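Here is what each chain is made of, one letter per residue.
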Amino acid sequence: MPESLSAYARLAFPAGLCLSLLAGAAVYFGADIPAAKAIFSSAVIALAALAALISHTFRPVMAVWVGLTALCAFAIFQASMGWMDTAAPEFAALAAAGCIWLIAFRSASQPDAGARLWRASLTAGVLIGIWAFADFTLGPRTGSMPRLSAGFLSANTAATFFGVIALMGLCELLGQIRRSVGSWAAFNRHVTGLALSLVAVLVPVTCLVLTASRGGILFGALSAFALAGWHVLAWTRQGGVSQRSAGLGVAGLVAVLVIAGLVWTVSGELAATRFGQSIDNNARAEMFAVYWNAVALAPLAGHGLGSFAFTNDLLTTSQTVRSLGTTNAAHNVFLQWLLQAGWTGALVMWAAVVWLISRVAQGFSVRRRQRGYLRAVICISAFVILHGLTDFALEVPGVMWWWAWVLGIGAGVAAAGRSRHAPSQTAGGAGPVFSRFAFVLAAACVAGLAGWQGQMRVEANLAHTLTPEAMHAVAQQGSLPPSAYLRDAYAARAIEPDIADLEFAGRATRAAIEREPRLVAAWNRLVWLDLAEHGQLTDAGQAALAQSFYLAPYGERNMLRWRLQIAASAWDQLTELNRRGIRLQLGAQAIRDRRWLHRFSSETSGGLRTEIETVLARGS
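The structure displayed is predicted, hence computed values, not measured ones. Numbers given to residues run from 1 along each chain, matching the order in which its sequence is written. Local features in this predicted model are restricted to residues of pLDDT 70 or higher, and side-chain atom pairs are both shown and tallied only at a pLDDT of 80 or more, whereas totals for entire chains, interfaces and linings draw on every residue. Only hydrogens and water are removed before side-chain values are computed, so all heavy atoms of the structure are retained for them.

Among buried residues, those of type Ala, Val, Leu, Ile, Met, Phe, Trp, Tyr and Cys that are joined through side-chain atoms within 4.5 Å constitute a nonpolar core. When a residue's accessible area, from a 1.4 Å probe over protein chains only, is under 20% of the maximum for its type it is buried; when over 50% it is exposed; and in between it is partly exposed. In this structure, Trp 118, Phe 162, Tyr 291, Trp 401, Trp 402 and Trp 405 are the most contacted members of the largest nonpolar core, which totals 134 residues. Any two residues whose heavy atoms approach within 4.5 Å are treated as being in contact. When neighbours within four sequence positions are excluded, Trp 118 is seen to be in contact with Met 168, Cys 171, Glu 172, Tyr 373, Ala 376, Val 377, Ile 380, Val 406 and Ile 409. Val 474, Ile 513, Val 520 and Leu 564 belong to the second largest nonpolar core, which has 56 residues in total.

Given two aromatic rings, their pairing is described by the distance between the two centres and the angle made by the two planes. In summary, the pairing rule links any two rings of Phe, Tyr or Trp, Trp by its six-membered ring, whose centres are within 6.5 Å, and it sorts them by plane angle into stacked for under 30 degrees, edge-to-face for over 60 and tilted for everything else. Inspection of every chain in the model, using the stated rule, returns 14 aromatic pairs. Note on Tyr 28 and Phe 40: the rings are 6.5 Å apart at their centroids and 40° apart in plane angle, and the pair reads as tilted. Taken together, the residues span a long stretch of sequence, with Tyr 28 in the loop between helix 2 (12–27) and helix 3 (34–54) and Phe 40 in helix 3 at a distance of 12 residues. Tyr 28 sits in the partly exposed class, given a relative accessible area of 43%. Given the relative accessible area of 17%, Phe 40 is considered buried. For the ring pair Phe 77 and Trp 83, a centre distance of 6.3 Å and an interplane angle of 85° mean the geometry is edge-to-face. Owing to a relative accessible area of 11%, Trp 83 belongs among the buried residues under this scheme. These aromatic residues form a ring-pair network of at least three members: Phe 152, Phe 161, Phe 162 and Trp 402. Each ring is checked for a lysine NZ or an arginine CZ that lies within 6 Å of its centre and within 35 degrees of its normal; such an atom marks a charge sitting over the ring. Directly above the aromatic system of Tyr 485 lies the positively charged group of Arg 457, at a separation of 3.9 Å from the ring centroid. Secondary structure elements follow DSSP: runs of H or I of four or more residues count as helices, runs of E of two or more count as strands, with numbering from the N terminus.

Next up on the list: unusual backbone geometry. Note the cis peptide between Phe 13 and Pro 14, where omega equals 0°. Following the sequence through the fold, Pro 14 ends up in helix 2. The phi torsion at Asp 112 lies on the positive side, around 60°, for a residue other than glycine. Relative to the helices and strands, Asp 112 is located in the loop between helix 5 (84–108) and helix 6 (113–138).

Multiplying one less than the number of residues by 1.5 Å gives the expected span of a helix. Over its 25 residues, helix 5 runs 35 Å from end to end, which matches the ideal 36 Å to within 8%, given 1.5 Å per residue. With 22 of 25 residues buried, helix 5 lies mostly within the body of the structure.

Remark: helix 23 (residues 557–570) packs on helix 24 (residues 576–592), axes separated minimally by 10 Å, with the N-to-C direction vectors making an angle of 130°. Considering their axes alone, helix 23 and helix 24 lie oblique with respect to each other. The hand of the helix 23/helix 24 crossing is left-handed. Note on element contacts: helix 24 touches helix 23 through Ile 582, Gln 585, Leu 586, Ala 588, Gln 589 and Arg 592, opposite Arg 557, Leu 560, Arg 561, Arg 563, Leu 564 and Ala 567. The angle between two axes is taken between their N-to-C directions and runs from 0 to 180 degrees, where each axis is a line fitted to C-alpha atoms and a helix contributes only its stretch in contact. Orientation labels follow simple angle bins: below 35 degrees gives roughly parallel, above 145 gives roughly antiparallel, 65 to 115 gives roughly perpendicular, and whatever is left gives oblique. By convention the crossing between two helices is left-handed if the near helix lies anticlockwise of the far one by an angle smaller than a right angle, and right-handed if it lies clockwise.

Next up on the list: helix 2. Taken together, the buried positions of helix 2 are occupied by Pro 14, Ala 15, Cys 18, Leu 19, Leu 22, Ala 23, Ala 25 and Ala 26. Phi turns positive, to about 60°, at Phe 29, one or two residues after helix 2.

Let us now look at the pattern of salt bridges. Side-chain pairs of opposite charge can arise whenever the charged atoms involved come near each other. A pairing counts as a salt bridge when a side-chain nitrogen of Lys or Arg comes within 4 Å of a carboxyl oxygen of Asp or Glu. Applying the stated criterion across every chain, the model contains 13 salt bridges. For Asp 85, the salt bridge goes to Arg 515, with nearest N and O atoms at 2.8 Å. Of the two residues, Asp 85 sits in helix 5 while Arg 515 sits in helix 20 (residues 502–515), which places them 430 residues apart along the sequence. Here Arg 369 makes a salt bridge to Asp 112, at a shortest N to O gap of 3.6 Å. Taken as a pair, Arg 369 in the loop between helix 14 (333–361) and helix 15 (371–388) and Asp 112 in the loop between helix 5 and helix 6 lie far apart in primary sequence, 257 residues in all. Given the relative accessible area of 33%, Asp 112 is considered partly exposed. Connected via shared salt-bridge partners are Asp 32, Lys 37 and Glu 90.

Right, here's the structure in full:
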């Protein structure tokens with residue numbers, strides 16, 4: 001095997017396997033489904049445990065233990081609040097991010113391994129970009145303005161991912177330009193590397209432009225010019241102002257402009273259309289104001305990881321239903337983190353980010369080679385953070401993990417420089433051995449718990465396929481599984497006509513609420529069960545409906561319509577509190593879909609029809 005290939009082969013474990021998992025997560029919806037989030041996290045954490053068990057040099061740094069302690073403290077608090085069933089995949093994803101950083105850091109800190117790991121990661125990102133481009137151009141498109149979203153199902157999230165890959169490619173291209181400028185012989189030696197590097201920039205930049213993300217394109221362009229300018233300044237400082245430095249500067253600037261021009265000519269029409277549209281700053285400002293005020297409701301520890309959907313439903317009012325009623329994120333990752341983890345969690349997160357970037361920056365004081373990678377990691381981090389002010393991509397594991405991977409490579413490159421300047425250290429002694437095996441034990445436990453959570457989430461997703469015989473076996477069990485979402489899925493399946501086991505459905509629904517009291521669908525089901533069993537709403541049904549209104553005054557479209565249908569069948573029985581909630585629903589439905597409300601009015605009668613006609617007349 002050639003020396004270059006054998007060098008890459010030595011990175012196959014654990015770095016190669018970890019990179020494969022990262023690519024899989026990026027393609028599989030960014031692993032932004034709770035089941036996928038937990039399962040991918042379990043695999044990554046188990047890989048880190050195996051690497052620490054096998055390799056004597058794979059030891060966790062002290063910061064890993066600090067981060068694990070902070071995660072445990074938050075997990076204990078959220079479990080005491082009854083939020084852990086929702087938060088568990090989020091905690092698993094954060095633990096996996098730490099393991100990804102550690103794998104990249106330890107792998108890249110080996111001599112000359114950082115550059116190879118960077119190129120392998122860039123290759124994986126470019127292959128994902130080729131797949132995304134082909135899927136976008138060849139697959140069916142929906143909507144009046146289709147945008148590339150790859151596997152993330154969000155164009156803005158895809159913009160963050162491809163922006164990171166594009167900056168990685170630009171770093172490699174600038175390095176090839178530096179090595180090839182000076183003589184024809186040097187150019188001929190590096191012409192293949194130049195061509196491949198150019199492709200590695202063109203593919204992700206094309207994908208970035210096709211996302212038509214205004215923030216992603218703007219911040220990506222600023223970061224690209226900053227990276228190119230920083231490289232040129234560094235070359236000039238190292239060699240003085242010379243003809244070669246001037247040539248490098250011109251070549252770098254021309255490369256950036258040519259790439260931008262080519263990509264914009266080929267695929268910039270959609271982005272140009274988006275930039276020509278007015279940005280609804282009022283809606284964003286309204287959203288940010290509501291979320292900022294909501295931070296004060298739980299300033300210390302937030303509303304719980306993974307709780308944004310619950311919090312957003314709770315905060316929506318008749319004045320904000322247009323801006324908040326259809327959103328799934330705060331579109332500001334720092335504000336969203338404040339909502340979920342409070343000031344305590346936000347300060348811990350910001351401290352972690354500062355520490356991670358400082359680990360990379362320390363390399364400038366000890367490295368004379370491969371500084372370009374350090375500059376690129378810092379520019380990539382600036383891009384991710386800036387785009388995070390207008391998007392939620394860092395909430396998506398497929399993006400968050402990739403950033404952790406890049407930060408780990410940068411820290412490893414910096415550490416490789418320190419190891420050349422520091423005295424040789426042995427891996428012996430009881431302390432390092434204890435730390436390594438303690439990490440193996442802790443990681444194995446976390447991986448097992450994450451995998452268990454993932455398995456129950458998968459079972460919940462598949463519960464609707466259970467046969468009546470299988471559901472009967474579940475109902476006969478003495479206890480229900482320790483998962484609110486699996487219990488809720490069993491209850492939803494039990495009320496379907498081919499099973500109609502209302503007793504088990506009620507028991508499973510109440511058990512789900514015990515573990516996660518914010519499940520609006522479960523409270524709604526209690527209302528339906530009360531009507532089905534008694535023919536009218538009892539006090540218990542009225543209380544369940546009132547709780548549903550409290551948790552989600554409006555809710556998503558299907559739930560809103562379901563509530564109106566319940567009201568149509570039991571309007572005369574509703575308490576004044578629940579009638580007030582229905583009136584709010586009517587106002588929201590008049591804003592969202594007046595045609596449906598007109599049709600619904602013709603199908604109902606009595607007091608509810610009068611209420612509907614009043615709302616429609618008010619808005620006409």
